[in-house]
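Survey of secondary and tertiary structure
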Amino acid sequence: MVGRPRVVAAAWARPVAMVERTRELAALTACLQEIKTGTARVVVIEGVAGIGKTALLQAVRDRAPAQGVRVLATLVPHLSSAAPYGLLRRLLGPEVARRGGATALTGAAAFAAPLFTPGAPVAAGVDYGCHWLLAALADAGPLLIALDDAHWADTESLRVLTDAAEDLGSAPLAVMVTARPGLNPAAEPLLARLATLDGARVVRPAPLSDTGVATLLRHAFNCDPDPEFTAACAQASGGNVFYLRELIRPLIAAGLAPAAGAVAELDAAGPEALVHTVRRRLGELGLIATDLAQAAAVLGDDTPFADVAALAGVAADPAGDAAVSLRVSSILARTAPVAFPHPLIRAAVEQTVPPERLGRLHAKAAGVLRAAGTPAAKIAEHLLLAPPAAQSDVVDLLVGEARRDLATGSAEAAGRLLRRAVAEPPTPDARPGVLLSLATAERATGRLTEAGGHLSEVVETGARPVALAAMADLFEVLYELDDADAASRLRRRAYAAEPYGKDQAEVRLRSALLLQAAETADDRAPARLADIDIDRLPTGTGEERRLLVCAAIHHRATGQCPPEEFQAHLRRAVENLPADRPLTYWEVLAALESAAFLAAAEAMTDAETVLERLRPEVVRLRRIAPGLQAEWSNRTVLNNLRRGHFEEAAAGLAEAERFAARHGLTMYAALASFARGIIDLERGDFAGAGAHLLRGPAEPAVVGALGELLSGRPAEALARLALPGHPDAPVTEREIEFEIHLIASHAYEILGDRAQALRAADRELAVRRRHGPSYRLAAALRRRASFAPAREAVDLLTEAMAACDGTPREPVLARVRAAYGAALRRCGRLREARTELAEALDLATRLGMPRLAAKVGDEIRAAGGRPRRTRVTGVAALTGGQAAVARLAAAGRTNREIAESLYITIKTVETHLAAVYRKLAVPGREQLRAALAGDP
C-alpha cells in the first residue's frame, strides 16, 4: 500500500475484550463451581490456531482465585514431545519447590522425586508419584490444571494427567487444556481419551460473526467501523481473532480509521496470506534478519539467542542489530530468550524455509545444541525432523536416549527415537542391538507383529548374546500372538543353540525353554536342558531366581519333584529379596510366578506375603512393564476368590479391568472374565458363570470347557478338554495344574454316562493323591463320594474334611462340609449331621454362596433340624482389604491417604468403605473406631 509505514510494532490501543464468547466462558466458569462440590471436571478447548483458545483459558485462570480455586498452569512449548514427563516437570515443579523440594515429597508421591531433583535421571515410578502428587494437591482444596497448547505435550505427561482426571473423579480437580487437532499424532489418542472421560466437555470456539468482528474493530480503533470495512475484515479473516488482529495491525500503526476507503489497504488474510506477509516483512528486513528468524523458528521459543545466532551462522554484532529489527516488526516478541508473539507467527516463519533446507537446519540445530550442552531429549527432537545421514554419533544419541526412555516406561517416545535410528541407519554390527531395543518398545505399545519381525531378524543376524536375548523375547511375543507353529520352530532352533551358560541371555532363554517344555510336554527337549542341580542353583539375580522357578515347574511336570519339594524351591526363589534397593523386572517376574504356583499348591499365606512385598514394586514398574501390574492384580483377585472374599475380589477386579483396558492388555481382559465367572459360579449363578467363562482366556481350554458345561453343553465341554486317550496314560502337567477330570466327570453324568463319570472321578482322585494339593484332593474326594453308598461316602468325606483342615480356601471347605453333613444324614447320624450342616450353612452364608446355603438348609430340615438365621455382620465379616481400609479410616486418614498407602485407587477405597459400613452397621467413619473395638 502506498505510503504505508513498514514498522508494525503498534498493537491494540488497550487489551482486547472477549467477543462472542459468553457461552464458552459460562461453560468453563461452571466447572470451577462444580469442582468445589467435589466433582472432577475436564474441559478440552479445541480449535484452529488464532481462534481464541488461549484467551478463554486465560480468562478462566483469572477468575479462579476469586472463586477459591488454586491454579497450576503452563504453556507447552513446541518441540517438547520427545522429553518424557517434561510437561509434568514444568507444571508441578514450582509446587514441589514451594513444598520444600523433592526431598519433602512423602508417600507414593515420593516416587516422583527424581523428576524434580536437579541432575537426577528420571526413574521408574515417576508417573505413579506424579499421579499421587496431583491427588494430594487436589486433596488440599479446589485445583485447576490449565495447559495451553497441550497438543505439543509428551505422551507420558498427558497419560498421567488423563489417568488422574479419570481416577480422581470425586476430587475437586479441573483439567482444562487447549489443543489443535492433527498437529501431533502421538498426542491425539490421549487428548481424545481426555475429551471422552465422564463429565468431560469439549468447547470449540466458533469464528466471529460479522457483528463480533464489528465489536472487536470498534474496540481496537476506538470508533464505529464502516459496515463495508467490517464486511471486508470478516471475509478476509474468516472470523479468526488472530488473523483479524494481524490484518488491521498496520492500519492501527498508521493511524488509519476503519472506513470504507481503508478496505483497499487490507492485505488478504488467512494462513497462506500470513506466510506471504511474514515473507514480505522478512524480505524488507534483509538476509541476516531472515536467517535469524528462520533459525529461531526451527529452535522454538525459550531458546538462548546465542544458539539462534549460531544456527543462523551470524556473528554477534549483526545478529544483535537484526534482533532489534525483528522485534520492531513483530516477528519476535523478545530475544532473551527467543519468543514469538504467537505460534502462528513461528509457524509462518518456518514455512518460509524450503522443505529440503528445513531438514538440514534441524540437523544443524542438533549439532549446535549438542555443542551448547543441551539435554539429549531436546537434541533428539531435531534429529527426528532431520534427514538420515548415516552418522554413527546420531544413532548413538538416539539409541541412548531411547534406552533411558525405556527404563522409565516411556515406550512410545523410545519407539519414535529407535525407528529414526534404524532409518539413519546404524552399522550392520550395531543394527541387531538397535532392533532388539525397538522390539522392546514395540511390545510395550502393542505392536506385536512389528516386534516379532524385528526379533526374528535379530535371531538371524545378531551375535550370540543378542540373538539369544531376542529368542527369549520372541517366545513371549509368539505366545501373545498365539502362533504355536512359529513357537515350535523357534524352540527347535533354541535347543540347537544350547543356552546353558551363565550369561543373562542364556539364563533367560533356558528358563523360557524349561517352562515351554513343561507346558507342552515336549519329548524333543534335549536331556541337557533339564540337567540342573536345582538345589544348587544361585539366586543372585532376578534371571537366576526365575530359572529356579522354571526348573522347579519342569521337575514337577516330569515327576522329579514331589509337592513338598516343589514348594520349597518356590520359597527359595523369593527368599531374601533385596530390601535396600528397588527390585529389577526379573526379580519381580520370578517372585510373581513363584507366588502364583505357591497359591495353587495351597501355600496361600506364603503367596500373599510375596504379593504384599511386591505391591510397591509393581506400581513403580507399571509403565515399564504394565503386564507385571496386571499379573499382580490378577493373582490378588484370584487369591481373594480362593478365600471366598468375593466382594473384595470384585472391587480389585474393577480396578484391574480399568488398568488392562488403558494399556491394551487384552489377555487380562479375558482373565477378568474368568474371575467374574468364578464369582458367579461360587454364588450359584451357573448361566452367568458360563457366559463369563466362555469370554475367558482361550488357553487353558479347561476354562472354556467349564463355561460350556455351565451353559448346559456337556458334549462341547468334553470336546474342549482333550482328555488322555488311555486310562493308564502318564499324568501330564495339564492334569496337575487343572481339574480337567472333575469337569469331565460332571459332563459325563449330565450326558447319562455314569460309568465314564465314575472313571473320570477315579482318575482325578488318583492324580490328586499323588500330586495334591490338599484342597484339590478334598474336591476329588467329594466328587468320588457322590458315586458311593452312604457309609463309603462318609469315609471318603471324612478324609476330605481332614484334607481341608486349616485350608484358607473356605468355599471348598463349605462344599466339603455340606457334602459331609449330607452323607451323615443319609447314614442316619442325624445329630452329627445337623452339627456339620449348621457349620456349613454359617460358612456359606458368610461367604455369600446363596445356592449352596439353600441346599444346606434343605438338608438341615431333612435331618430334623431348623436352619437358624445367620447375620453376615461384625468385624469378623470384614475381608482383609476391608479391614485394612476400615482401620485407616478410623484413624482419621482421608480416602486419598488410604488409597495412597495401600496402593489402590480412591474408587476402590470408596467401595470397601461402603461394604464396611454395611457389615458394621454404622452410618459413617465417625463410628468406625468404636465398631472396630467391638463397642456398641
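Calculation criteria
Residues numbered from 1 in each chain as written. Predicted model: local features only at pLDDT ≥ 70, side-chain atom pairs only at ≥ 80, totals over all residues. Heavy atoms only, no water. Helix = DSSP H or I, 4+ residues; strand = E, 2+ residues; numbered from the N terminus. Buried < 20%, exposed > 50% of the residue type's maximum accessible area, 1.4 Å probe, protein only. Contact = heavy atoms within 4.5 Å. pLDDT = per-residue confidence, 0-100. Pairing = 2+ DSSP bridges. Axes fitted to C-alpha atoms, helices over the stretch in contact; angles between N-to-C directions. Parallel < 35°, antiparallel > 145°, perpendicular 65-115°, else oblique. Left-handed = near helix turned anticlockwise from the far one by under 90°. Core = buried A, V, L, I, M, F, W, Y, C linked by side-chain atoms within 4.5 Å. Expected span 1.5 Å × (residues − 1). Bend = angle between axes of the 7 residues up to and from the residue.

Counting through the fold element by element, arginine 346 comes out in helix α14 (residues 343-350). Since its relative accessible area comes to 8%, arginine 346 is described here as buried. Other than its neighbours up to four places away in sequence, arginine 346 contacts His78, Ala297 and Phe340.

Turning our eyes to something else, we now look at the confidence of the model for the protein. Predicted confidence across the protein gives a mean pLDDT of 91, with 97% of residues reaching 70 or more. A low-confidence stretch, residues 1-16 (pLDDT under 50), is modelled with 35 contacts involving residues beyond four sequence positions or located in other chains.

Turning our attention to the sheet that holds strand β1 (residues 41-46). Judged by pairing direction, the sheet is parallel, and its five strands sit side by side in the order β2-β3-β4-β1-β5 without closing on themselves. The outermost strands of the open sheet, each flanked by one partner alone, are β2 (70-75) and β5 (200-203). Mean inter-strand twist for the sheet, computed between neighbouring axes without regard to direction, equals 15°. Sheet topology places strand β3 (residues 143-148) next to strand β4 (residues 173-179); five bridges connect them, and they run parallel. Each bridged residue has a counterpart across the sheet, and for leucine 143 the counterpart in β4 is leucine 173. Sitting on the sheet, helix α2 (residues 53-63) touches β1, β2, β3 and β4, and the angle it makes with β3 is about 160°.

Bringing the packing of helix α29 (residues 646-662) against helix α44 (residues 906-920) into the picture now. Across the interface, α29 lies against α44 with an axial gap of 10 Å and an inter-helix angle of 165°. With respect to α44, the axis of α29 lies roughly antiparallel. Between α29 and α44 lies a crossing of right-handed hand. Judged by residue contacts, Glu647, Glu648, Ala651, Glu655 and Arg658 of α29 engage Lys907, Thr908, Thr911, His912, Ala915, Arg918 and Lys919 from α44.

All right, on to the packing of helix α32 (residues 701-710) against helix α35 (residues 740-750) then. Running from amino to carboxyl end, α32 crosses α35 at an angle of 25°, the nearest separation of the two axes being 10 Å. Taken together, the axes of α32 and α35 lie roughly parallel to each other. Handedness of the crossing formed by α32 with α35: left-handed. On α35, the residues that touch Val702, Ala705, Leu706 and Leu709 of α32 are Ile740, Ile743, His746, Ala747 and Ile750.

This part covers the nonpolar core. It is characteristic of soluble globular proteins that their nonpolar side chains tend to be buried jointly. Leu92, Phe116, Ile145 and Leu292 are the most contacted members of the largest nonpolar core, which totals 204 residues. If you look at the next biggest cluster of nonpolar residues, it comprises 66 residues, including Leu653, Leu796, Ala800 and Leu837.

A few words now on helix α27 (residues 604-620). The end-to-end C-alpha distance of α27, which contains 17 residues, comes to 24 Å, matching closely the 24 Å that a straight helix rising 1.5 Å per residue would cover. Taken as a whole, α27 carries its principal kink of about 45° at leucine 614; the proline proline 616 stands between one and four residues after it. Inspection of α27 places Met604, Ala607, Val610, Leu611, Leu614, Arg615, Glu617, Val618, Val619 and Arg620 among the buried residues, and these make up the whole buried set. Lining the buried residues of α27 we find α4 (126-139), α26 (585-600), α28 (626-643) and α43 (895-902).

A word on unusual backbone geometry. Geometrically, the link from alanine 336 to proline 337 is a cis peptide bond, its omega value of -5° lying close to zero. Looking at where proline 337 falls in the secondary structure, it is placed in the loop between β6 (334-335) and β7 (338-339). The omega angle of the peptide bond from glycine 772 to proline 773 is -5°, so this bond is cis rather than trans. With a phi close to 60°, leucine 79 is a non-glycine residue in the positive phi region.

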